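Spelled out, the chains give:
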Amino acid sequence: VRPPATQAAVRTTKQFLTYVNGAPFQPAVAVGLGLGDDYFSSFRDDLQAKRDLVREGLITAGFDVHPCAATYFVTADIRPLGASHGLSFCHAMPDRCGVVAIPSAVFYTTPGVGDPYVRFAVCKRDEVLNEAMARLKSLAS
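Residues numbered from 1 in each chain as written. Predicted model: local features only at pLDDT ≥ 70, side-chain atom pairs only at ≥ 80, totals over all residues. Heavy atoms only, no water.

Draft legend 1. Representation of the state of the cysteines within the structure. A full pass over the atoms with the stated rule returns 0 disulfides. With no disulfide of its own, C68 lies 12 Å from the sulfur of C123, the closest cysteine sulfur. Classification of C123 as partly exposed rests on a relative accessible area of 41%. (Disulfide = S-S within 2.5 Å. Buried < 20%, exposed > 50% of the residue type's maximum accessible area, 1.4 Å probe, protein only.)

Below you can see the structure in the form of structure tokens.
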């Protein structure tokens, strides 16, 4: 049992964290609300182009790629590359080709469900994405 002073401190801290955790973002949100539609259209178009670049690069590298409409990630099936365990595959990728991916299995509570899937972030600079897609081609051989 906590002493009463500690309980009060925890309760106060919880209240401040719950109700003001977004306060540091409010000035940025205010700026964003003042931006024109062209800014957001350009942002959307840029992310779509990055998604398409990564998607095509993964297909060229031999992955089976899932369609995606609105995300910072592209999900790919590793089984066409002869692999079935995403965690092991992702651990080996930096040594194999100098690229990293995220094993989808870490997002599932049911063991085995996400094992053959990995995801790649598309919210990177174009030169980083182009280099990664070039490196991934070595997995197809």
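Now, onward.
Draft legend 2. Just the nonpolar core, in detail. L58, F63, F120 and L136 are the most contacted members of the largest nonpolar core, which has 23 residues in total. Elements with a contribution of two residues or more to this core: helix 3 (37-60), strand 2 (73-77), helix 4 (86-97), strand 4 (117-121) and helix 5 (126-136). Once residues lying within four places of it in the same chain are set aside, the contact partners of L136 are L58, A61, F63, M93, C97, V99 and F120. (Core = buried A, V, L, I, M, F, W, Y, C linked by side-chain atoms within 4.5 Å. Helix = DSSP H or I, 4+ residues; strand = E, 2+ residues; numbered from the N terminus. Contact = heavy atoms within 4.5 Å.)

Draft legend 3. Inspection of the sheet that holds strand 2 at higher detail. The sheet built from 4 strands is open, its strands ordered 1-2-4-3 with antiparallel pairing. Edge positions in the sheet fall to strand 1 (64-65) and strand 3 (102-103), since each of these pairs with one other strand and no more. (Pairing = 2+ DSSP bridges.)

Draft legend 4. Just helix 4, in detail. Between its first and last C-alpha, helix 4 extends 15 Å over 12 residues, near the 16 Å set by a 1.5 Å rise per residue. Taken together, the buried positions of helix 4 are G86, F89, C90, M93 and C97. Viewed end-on, helix 4 has its buried residues packed into an arc of 95°, placing them on one side of the element. Residues of helix 4 that are exposed and angled more than 90 degrees away from the buried face: H91 and D95. Tucked into the core, helix 4 has its buried residues touching strand 3, strand 4 and helix 5. Just beyond helix 4, the residue with positive phi is G98, at close to 75°. (Expected span 1.5 Å × (residues − 1). Arc of directions from axis to C-beta.)

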